[in-house]
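Structure assessment
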Amino acid sequence: MKVPVALLLLLALIDASGTVVGEGSSGLCDNKPSLEPRPHSVSILEFGAVGDGKTLNTLAFQNAIFYLKSFADKGGAQLYVPPGKWLTGSFNLTSHLTLFLEKGAVILGSQDPSHWEVVEPLPSYGRGIDLPGDRYRSLINGYKVTDVVITGDNGTIDGQGSVWWEWLKSHSLNYSRPNLVEFVDSELIIVSNLSFLDAPAYSIHPVYCSNVLVQNISVSASPESVFTIGIVPDSSNKVCIEDSSIKMGYDAISLKSGWDEYGIDYNRPTTDVHIRRVHLQSSSGSSISFGSEMSGGISNVHVEQIDIYDSISGIEFRTTKGRGGYIKRIIISNVELENISIAFAALGDRGSHPDDNFDPNALPVIDKITLQDIVGSNITIPGNFTGIHESPFTSICLFNVSLATSASSSTWLCSDVIGFSEFVEPQPCPELETSYSTSSSICYTLFDSYGKSATL
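What you see is a predicted model, and the numbers here were worked out from it, not measured in a lab.

1. With respect to helix α2 (residues 58-68)
Within α2, the full set of buried residues consists of T58, A60, F61, A64, I65 and L68. For α2, the arc enclosing every buried residue in end-on projection is 165°, short of the 170-degree limit, so these residues lie on one face. Turned more than 90 degrees off the buried face of α2, the exposed positions are L59 and F66.

2. Regarding the state of the cysteines
Throughout the structure, instances matching the rule amount to 3 disulfides. Disulfide partner of C397: C443, at an S-S distance of 2.0 Å. Judged by the torsion about the S-S bond (-80°), the C397/C443 disulfide is left-handed. Here C397 is found in strand β27 (residues 393-405), whereas its partner C443 is found in the loop between β30 (434-435) and α5 (446-450), with 46 residues between them in sequence. The burial state of C397 is the same as that of C443; both residues are buried. The residue that forms a disulfide with C414 is C429, at a sulfur-sulfur distance of 1.8 Å. On the S-S bond that ties C414 to C429, the torsion sits near -60°, and the link is left-handed. One end of the pair, C414, is in strand β28 (residues 413-415); the other, C429, is in the loop between β29 (417-425) and β30, with 15 residues separating them in the sequence. Judged by relative accessible area, C429 falls into the buried class, the value being 7%.

3. What about the pairing of strand β23 (residues 286-290)?
Most of β23 is tucked away, with 5 of its 5 residues classed as buried. The pairing of strand β21 (residues 251-255) with β23 spans 3 bridges and is classified as parallel. Residue pairing for β23: I253 is matched across the bridge by I288. Sheet analysis places β23 next to strand β24 (residues 298-318), joined by 4 bridges and oriented parallel. Along β24, the bridge assignment pairs F290 with F317.

4. Describing the nonpolar core
Core analysis: the largest hydrophobic core is formed by 97 residues, its most contacted members being I157 and F344. With 9 residues, strand β25 (residues 326-347) is the single largest residue contributor to this core. Not counting residues within four places of it along the chain, the set of residues in contact with I157 comprises L101, I107, L139, I140, I150, L180, V181, L194, S195, F196 and L197.

5. A few points about the packing of aromatic side chains
Enumeration over the complete set of coordinates arrives at 15 aromatic pairs. Their ring planes at 70° and their centres at 5.1 Å tell us that Y136 and W164 sit as a pair that is edge-to-face. A residue pair is termed long-range when its members are at least 10 positions apart, and Y136 in strand β9 (residues 135-136) and W164 in helix α3 (residues 162-169) qualify at 28 residues. Each member of the pair, Y136 together with W164, is buried. An aromatic cluster is built from W116, Y136, W164, W167 and Y175, whose rings are joined through pairwise contacts. Of note, K328 hangs over the ring of Y326, and the distance from its end group to the ring centre comes to 4.4 Å.

6. Considering α3
Listing the buried residues of α3 in full gives W164, W165 and L168. End-on view of α3: buried residues confined to an arc of 100°, all on one side of the axis. Buried residues along α3 sit in contact with β9. Looking one or two places after α3, you find H171, whose phi comes out positive at around 60°.

7. What to know about the pairing of strand β7 (residues 105-109)
Along β7, 5 of the 5 residues are buried, which leaves the element largely enclosed by surrounding structure. Side chains A105, I107 and G109 of β7 all project onto a buried face; the interleaved residues V106 and L108 project onto the opposite face, where all are buried too. In this sheet, β7 lies alongside strand β4 (residues 84-88) in parallel orientation, the contact comprising 5 bridges. Across the sheet, residue T88 finds its bridge partner in β7, namely G109. Where β7 and strand β12 (residues 155-158) come together, 3 bridges link them in parallel fashion.

8. Details of unusual backbone geometry
Omega for the bond connecting G291 with S292 falls within 30 degrees of zero, at 5°, which places this linkage in the cis form. As for its position among the elements, S292 is in the loop between β23 and β24. Of note, the bond from E425 into P426 is cis; its omega dihedral lies within 30 degrees of zero at 0°. Tracing the backbone shows P426 in the loop between β29 and β30. A positive phi angle, near 50°, is found at D260, a position not held by glycine. On the secondary structure map, D260 appears in helix α4 (residues 260-266). A relative accessible area of 0% places D260 in the buried class.

9. Description of the pattern of salt bridges
Opposite charge on two side chains makes pairing possible when the charged atoms of those side chains draw close. Across all of its chains, the model carries 16 salt bridges by this definition. Between D147 and R38 there is a salt bridge; the shortest N-O distance is 3.0 Å. Residue D147 is found in strand β11 (residues 146-152), and its partner R38 is found in the loop between α1 (5-12) and β1 (41-43); the two are separated by 109 residues along the sequence. Each member of the pair, D147 as well as R38, carries the same accessibility label: buried. Taken together, the salt bridges that share partners define one network made up of D30, E242, D243, R276 and R277.

10. Quick look at the confidence of the model for the protein
Note that predicted coordinates carrying low pLDDT should not be read in detail. When pLDDT is averaged along the protein, the result is 91, and 89% of the positions lie at 70 or above. In the predicted structure, residues 1-26 sits below a pLDDT of 50 and forms 56 contacts with residues beyond four places in sequence or in another chain. In this model, residues 450-456 is a region of pLDDT below 50 whose contacts with residues beyond four sequence positions or in other chains number 21 contacts.

Each value, and the rule that gives it
- For every chain, the first residue of the written sequence is number 1, and numbering continues from 1 along that sequence.
- Side-chain atom pairs in this predicted model are given and counted only at pLDDT of 80 or more, local residue features only at pLDDT of at least 70, and totals for whole chains, interfaces and linings cover all residues.
- By convention in this description, side-chain values take in all heavy atoms of the structure and omit both hydrogens and water.
- Accessibility here uses a 1.4 Å probe with only protein chains present; expressed as a share of the type maximum, an area under 20% marks a residue as buried, one over 50% as exposed, and anything in between as partly exposed.
- Helix and strand assignments come from DSSP, with helices taken as H or I runs of at least 4 residues and strands as E runs of at least 2, each series counted from the N terminus.
- Our arc is simply the arc of the directions from the helix axis toward the C-beta atoms.
- Two cysteine sulfur atoms make up a disulfide if the distance between them is within 2.5 Å.
- Whether two strands pair comes down to DSSP finding at least two bridges between them.
- Remark: nonpolar core denotes a set of buried residues (Ala, Val, Leu, Ile, Met, Phe, Trp, Tyr, Cys) joined through side-chain atoms within 4.5 Å.
- Residue contacts follow a heavy-atom distance rule, with two residues in contact if any of their heavy atoms lie within 4.5 Å.
- Side-chain rings of Phe, Tyr and Trp, where Trp is taken by its six-membered ring, are said to pair if the distance between their centres is within 6.5 Å; with planes under 30 degrees apart they count as stacked, over 60 as edge-to-face, and otherwise as tilted.
- Our definition puts a charge over a ring when NZ of Lys or CZ of Arg is within 6 Å of the ring centre and also within 35 degrees of the ring normal.
- Salt bridge criterion: a side-chain nitrogen from Lys or Arg within 4 Å of a carboxyl oxygen from Asp or Glu.
- Confidence of the predictor at the level of single residues is captured by pLDDT, which takes values from 0 to 100.

Following this line, the structure appears as C-alpha cells:
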C-alpha cells in the first residue's frame, strides 16, 4: 500500500529507537509534512446528502466511506464536503482516507441521542467518564485505522453540545457524553485547518494512538459548557500539537492515560508529546493539564511558545491516592500568562475514582517537572504545589520565572514537594528555594529529551 508523503515525513521524525530527531530542541514538530492530494475523490452529494441543516445525513456519510474503502490499496481517497450544513449522527472513518471540509461546510452533530451509537467504555477507564457503564460513540470516529487526514479550508465541525451539557447538569444522561472526533488504537493521523465548536465533551481525542499531528485549528466551546476539553492526547505517543487556538469551558489541552486500576492494568502511557505556538483559554479548568486520569503514566512532554490568558489555572498537574502511574520528564518553556488566578499547580488530591476497586496504596509519582522562561501579568496566586505525604512531588524546577501578581502579598502554597529555583519572582516557598544551577543535574532539561542541552 502506498503511504502518502505527508505521513512518511511524520514517520521520519522518529528514528528506529523511538527517539525524536531533528535540529535543535523542537523535536517532533519539526519538518512539517505537506498534505498530498489523494488520487481519488468523491463528494458527499453523490450519496444523497442534503446540506440544509435539517436533513439527517448519517447514512450518506456511512455509504460514502464504505465506498471509499475500496480505494485503500490504490493510494486512498478523499471525501469532499461542500459548503452547507450537514446534520449527522456518529459515523466511522476508514484507513487511507481524507475527509475534506470546504470553506462554508459545517458538519453538525445531531442533538437526538438516538442518532449516536452506544459503545463499551474504553478499557483503560473501565466506565464512561460521566456515568458508570457504556458511552456514546463520538461524532467522527476512527477505530484501528491508519493514514487518515481530517482537514479543509477552514470548514467547521459543530457538536451542538448545549443539550448534552444541560443533560449532564440535570442528571438526565443515559450514557456518558460523546466527543467530536476520536481515534482509537490508530496511527498516522493528521487533523488540520478546521474549526471545532461546542463539543458535547472532548473535541479531539486520540486514545491508544501513535504519530498524531494536530495543527492550525481553532477549538472553542461556550464558557457555560460543562467539563468540555479541547485536545486530549490519551495513552498515545508521538503527538504534535501546534499553531492553534483553543478556548474551552474546562481544559484547553489535557494529557491523560487511564483511570486507577483500569489504567494501571492497561499500562499504556502518554509519551513523546510536543506542544508549541498555541493560544489557550480555560473558563473553569486549566489551560494545560496533566491528569488527573494518568494511571498509565505521562512522560517526555515538551511545551513551548505558549500564550495563556483569562483562565482560572494556567498549567496544572493533577493526581490523587489510588491513581498509581507517574507524571515525569516534563519541560514547559517560553510561556506568557495574562489574567490567571493560579499560574501553576501540582495537586495530589484532585480527581474522583471510577469505582471502589481502586488500590488506595497505588501512589502516583510526580518527578522532574521544569518550568522555565515564563512571564505573567495580573496573576493572583503564583503557584500551589500540594503533594502527597506518602509520595512527595520531587524535582519541581523553576528557572527564570517572573510573575506580576495582582495582590500585594501573593504567596506560593507548598507542601510535600521538593524542588529548585533560580531567578523566580515573587520569591518561591522554602521547599523550592534551593538553587537551580547547583541542582540542575536532577532537573529535567532539553538535553534529557532531545540529546542537545538547552540554554539555561
